Amino acid sequence: MTVSSYQVFMSFVDEQGDSSKILSTECYDKWVATRKGKLKQPEESYRRVLTAHICGLIGRKPFPPKVETSLLKHLRRRAIWECFKGTDVSIGIKGF
């Protein structure tokens, strides 16, 4: 069974709509594990697909408003995303 990116992301959202765990290492690792084949740039792919869901781009299902609001608060921070801390990846350092 194929698991969509949206399903992976939503599995890390709690009942109140808190989406902070979408940026966790656990979510990132689960997302990478559900992709078909080996990604050339998994970190950049994760960023692109996540932001595409926020904007509803390229046929991506947008997040529910409550989740989008929560996630945007985390993405707008000028800090490296939790899943990339301790690596040489600086995604998030400039905010969204």
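Everything that follows concerns the structure shown earlier in this document.
In this text the structure is predicted, and so the values were computed from the model without any measurement.

Caption draft 1: Geometry of the overall build of the protein chain. Looking only at helices and strands, the protein chain has four helices and zero strands in total. Secondary structure of the protein chain in N-to-C order comes out as α-α-α-α. What you see for the protein chain is a C-alpha radius of gyration of 13 Å, in line with the 12 Å of a compact globule of 96 residues. Taking the principal axes of the C-alpha coordinates as reference, the protein chain spans close to 35 × 30 × 25 Å. For the protein chain, buried positions account for 38% of its 96 residues. Long-range contacts, defined here as pairs at least 24 residues apart, represent 50% of the contacts in the protein chain between residues at least 6 apart. Accessible area for the protein chain stands at about 6100 Å²; split by element, carbon and sulfur atoms hold 52% of it. Positive and negative side-chain charges of the protein chain, numbering 17 and 10 respectively, have mean locations separated by a distance of 6 Å.

Caption draft 2: Seen up close, the side chain of Ser45. Of note, Ser45 is situated in helix α3 (residues 42–55). Leave out the neighbours within four places in its chain, and Ser45 touches Trp31 and Leu39.

Caption draft 3: The pattern of salt bridges, seen in detail. Applying the stated criterion to the full structure yields three salt bridges. A salt bridge links Arg48 to Glu44, with the nearest nitrogen and oxygen atoms 3.9 Å apart. Remark: Glu44 and Arg48 occur in helix α3; sequence separation between them is four residues, near one turn of the helix. Since its relative accessible area comes to 43%, Arg48 is described here as partly exposed. Where Glu82 meets Lys85, a salt bridge forms, and the shortest distance between an N and an O atom there is 3.4 Å. Glu82 gets classed as partly exposed once you look at its relative accessible area, which sits at 45%. Connected through shared salt-bridge partners, Glu44, Arg47 and Arg48 make up one network.

Conventions adopted
Residues numbered from 1 in each chain as written. Predicted model: local features only at pLDDT ≥ 70, side-chain atom pairs only at ≥ 80, totals over all residues. Heavy atoms only, no water. Helix = DSSP H or I, 4+ residues; strand = E, 2+ residues; numbered from the N terminus. Rg over C-alpha atoms; globule rule 2.2 N^0.38 Å. Buried < 20%, exposed > 50% of the residue type's maximum accessible area, 1.4 Å probe, protein only. Contact = heavy atoms within 4.5 Å. Areas by Shrake-Rupley, 256 points an atom, 1.4 Å probe, with all protein chains shown as cover. Lys, Arg positive; Asp, Glu negative; His and termini not counted. Charge placed at Lys NZ, Arg CZ, Asp CG, Glu CD. Salt bridge = Lys/Arg side-chain N within 4 Å of Asp/Glu carboxyl O.

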